Amino acid sequence: MKKIINIHVIILAVIFLALALPAHADVKLPGVLNNNMVFQRDQEIKIWGWADKGERISVTFNNIIRRTRPDASGKWMVIFPAMQAGGPFQLKVQGRNTLTLDNILIGDVWICSGQSNMAMKVVNSNDAENEITQADYPYIRLFNYPRNFQREPVEDVENAKWTECSPSTVGDFSAVAYFFGRHIHKEIDVPIGLINTSWGGTNAEAWTSMDYLVKIDKYKNFPAELAENLKKTDSVTVARLKSPNVYHSALYNGMIHPLLNLAVKGAIWYQGESNAYEGMLYRSLFPNMIECWRDKWSQPEMPLFYVQLANYMEEVPEPAESRWANLREAQLLTLSLPNTGMAVIIDIGDAKDIHPKNKQDVGYRLALNALKTAYGKSLVYSGPIYRSMEVDGNKAILSFDHIGSGLIAKDKYGYLKAFSIAGQDKKFHWAKAEIKADKVIVYSENVPKPVAVRYAWADNPADANLYNKEGLPASPFRTDVP
């Protein structure tokens, strides 16, 4: 009887001991490391994840093995040497369990971010049915990042996967990202990974980390103000704090920060509509966000190419001030940052739709910038950009950069439009303008002594038609930049 009792006691003790011990966690990878993904070529490749403290982790990729153990918090990482484009490869992670990722490529990875015009899907773009039918590009890979609003930076994304670009997958992907990636893939002939991390209606503040946002004077006290608001329980405050446009940095925290261990070739950005009411602020806000991303990715020269706002809303009969023109100017000024480029789309917007359907030209013009700056191709990648003005009598003589093989007016009679001119009274009048060699001459009988010229300075400028012969439109500008 005593032996039986002792056995029961031992069994119970073992059960209680087992229950008291912590459960062993399986090795886990972040959601962005998945089947069908693309790793960035020519840069170190990081593989990371989570497991029990001290667990032995072995990672095999492209016939190379790396071993490590998680730190006290359960995090682990191994680093593989830079590799050339190629694949497909298999990635195997072994610990208490084994994870195997298949069909992995090495090529170029592009972050594709912004608001609704970046989020807009291929299925909603021009000629969608034909574009989808022809989207058979197995060496282009697509990653749709789920919306993820976070008050603090997080390290993972769930419920997302990489897919091969095909007629069955491309319809739900970002149209701008796809048309950009398709052109790069055709020109460079390496695998392309596109990460669509965008959210409609969001401002640049939401995509900037808090430590960078507070460098902007307007937001120096924002953390303290936010802390006070978080204490409030009134319905209005609670509702507002559910918006990433109020809870600044929320989309950086949830939709950029989890990607930082993944090396990338660069980024494309289509945003600004939600900041159009504060063009002067955007002059510092947007470059600040770019510097933030470069710092956080530890890629200080990371290329970033962006879309200038399209023409939108009703045309106005007389020259006037414009919030959208101010925002476009802030975007134009951001070209002072190295390794940036801007796709001008002042000619392909829609007066009645803030989401113009011609995303093919948007992607193409972004790709031209990338081919020049990120890939070193010799090509004309930009339309004319205003450089300087001289005054000769009643005429303003304008010089431009990026004239390509020459300036042209897209008009069957050869007339330039959308120019206005002002004298000392700062009252702008519609002007006549003509191309002479590589200059534009602007004048008006109402302005005998011009001091300033503007071009396409409106929400929706009428018939802006200055191009270079390569077919790229001039950026809107004003000579009287404050």
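Everything here concerns the structure above.
On a predicted model such as this, the values are computed, not experimentally measured, just so you know.

## What about the sheet that holds strand β17 (residues 419-422)?
Okay, step 1: Strands sit in the order β18-β17-β21-β23 across an open sheet of four strands; the sheet is antiparallel. Each edge of the open sheet carries a strand with a single partner, namely β18 (428-430) and β23 (477-478).
Okay, step 2: Note that β17 and β18 share three bridges and pair antiparallel. Paired with isoleucine 421 across the bridge in β18 is histidine 429.

## Observations concerning the packing of aromatic side chains
Okay, step 1: Scanning all chains against the criterion turns up 25 aromatic pairs.
Okay, step 2: Taken together, a centroid distance of 5.1 Å and an interplanar angle of 80 degrees make the contact between tryptophan 110 and phenylalanine 180 edge-to-face. Of this pair, tryptophan 110 sits in strand β7 (residues 98-114) while phenylalanine 180 sits in helix α4 (residues 175-188), and the two are 70 residues apart along the sequence.
Okay, step 3: Classification of phenylalanine 180 by relative accessible area gives buried; the value is 0%.
Okay, step 4: The positively charged end of lysine 265 is found above the aromatic ring belonging to tyrosine 375, 4.8 Å away from the centroid.
Okay, step 5: Over the aromatic face of tyrosine 443 sits the side chain of lysine 395, whose NZ or CZ is 5.3 Å from the ring centroid.

## A word on the side chain of threonine 237
Okay, step 1: With respect to the helices and strands, the residue threonine 237 is situated in helix α7 (residues 235-240).
Okay, step 2: There is a polar contact of 2.9 Å between the side chain of threonine 237 and the side chain of aspartate 234.
Okay, step 3: For threonine 237, the contacting residues outside a window of four places in its chain are Asn229 and Lys232.

## Description of the side chain of histidine 185
Okay, step 1: For histidine 185, the location among the structural elements is in helix α4.
Okay, step 2: What makes histidine 185 buried here is its relative accessible area of 13%.
Okay, step 3: Polar side-chain contacts of histidine 185 include one of 2.9 Å to the backbone oxygen of valine 190.
Okay, step 4: Those residues in contact with histidine 185, other than ones at most four positions away along the chain, are Tyr137, Tyr139, Ile140, Val190 and Ile192.

Analysis parameters
- Residues numbered from 1 in each chain as written.
- Predicted model: local features only at pLDDT ≥ 70, side-chain atom pairs only at ≥ 80, totals over all residues.
- Heavy atoms only, no water.
- Pairing = 2+ DSSP bridges.
- Helix = DSSP H or I, 4+ residues; strand = E, 2+ residues; numbered from the N terminus.
- Phe/Tyr/Trp six-rings, centres within 6.5 Å; stacked < 30°, edge-to-face > 60°.
- Buried < 20%, exposed > 50% of the residue type's maximum accessible area, 1.4 Å probe, protein only.
- Lys NZ or Arg CZ within 6 Å of the ring centre and 35° of its normal.
- Polar contact = N/O pair within 3.5 Å; in protein donor to acceptor, adjacent residues only side chain to side chain.
- Contact = heavy atoms within 4.5 Å.

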